[in-house]
Each structure stands twice: as C-alpha cells, then as structure tokens.
Amino acid sequence: MIHTVKIDDKTRNGKKIINDLRRYRSGVEFENPAVKGIVPEGYVTGEEFESQVKENINLYCKKNGIL
C-alpha cells in the first residue's frame, strides 16, 4: 500500500521527518513537482498571475467609478 503524505518542510518537525525518511534507501520515494515539471492544478505562471491581477484591478476601478 502506498500512502501520500504532505509535510511542511518549513517547520522544525517537517524538516526532522524528511531527514529521518531520507535515511531509508528502499520503500520511501520523494516526488517534487518542481523537479518533475508537473504543475499542480490551480497553479499559474507569474505572467498569468500578473495579468489576472491587472484585470481584477481594472474591473474593480470601473465598477466603483475610479476610472
């Protein structure tokens, strides 16, 4: 059976768990989306985020009579 676990590696306990798990050569596999190139659903690029923010600001300003 394979278990998927999310560990926050920014916390002290998360770092300790990851260090403990790295000791095992078999039975433990780490998946890093940044390395694999698989982007999780809902993530956007910086350019996409910037264009969405600009569009939202323009809509807000037009709705409230600022522009």
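Residues numbered from 1 in each chain as written. Predicted model: local features only at pLDDT ≥ 70, side-chain atom pairs only at ≥ 80, totals over all residues. Heavy atoms only, no water.

Novice: Got a sec to walk through the confidence of the model for the chain? Specific residues and values, please.
Specialist: Scored by pLDDT, the chain has a mean of 88; 97% of the residues are at 70 or more. Within the chain, the lowest mean pLDDT, 70, falls on helix α2 (residues 33-36), and the highest, 94, falls on helix α3 (residues 46-63). (pLDDT = per-residue confidence, 0-100. Helix = DSSP H or I, 4+ residues; strand = E, 2+ residues; numbered from the N terminus.)

Novice: Tell me about the packing of aromatic side chains, residues and numbers included.
Specialist: This structure, assessed with the given rule, holds zero aromatic pairs. One residue, Arg22, lies across the ring of Phe30, its end atom 4.4 Å from the ring centre. (Phe/Tyr/Trp six-rings, centres within 6.5 Å; stacked < 30°, edge-to-face > 60°. Lys NZ or Arg CZ within 6 Å of the ring centre and 35° of its normal.)

Novice: Explain the pattern of salt bridges to me, and be specific about the residues and the numbers.
Specialist: Under the counting rule described, the total for this entry stands at three salt bridges. Asp20 serves as the salt-bridge partner of Lys16, at 3.3 Å between the closest nitrogen and oxygen. A residue pair is termed a helical-turn pair when its members lie 3 or 4 positions apart in one helix, as Lys16 and Asp20 do in helix α1 (residues 12-22) at four residues. For Glu50, the salt bridge is made with Lys54, and the minimal N-O distance between the two is 3.2 Å. (Salt bridge = Lys/Arg side-chain N within 4 Å of Asp/Glu carboxyl O.)

Novice: Can you break down α3 residue by residue, with the values?
Specialist: Here α3 spans 26 Å end to end across 18 residues, near enough to the 26 Å set by a 1.5 Å rise per residue. Looking one or two residues beyond α3, the residue adopting positive phi is Gly65, at roughly 75°. (Expected span 1.5 Å × (residues − 1).)

Novice: Which residues make up the environment of Ile38, and what values do they have?
Specialist: You can see Ile38 is positioned in the loop between α2 and α3. On the basis of relative accessibility, which here comes to 53%, the residue Ile38 falls in the exposed class. Linking Ile38 and Val28, residues ten residues apart in sequence, is a C-alpha distance of 20 Å. (Buried < 20%, exposed > 50% of the residue type's maximum accessible area, 1.4 Å probe, protein only.)

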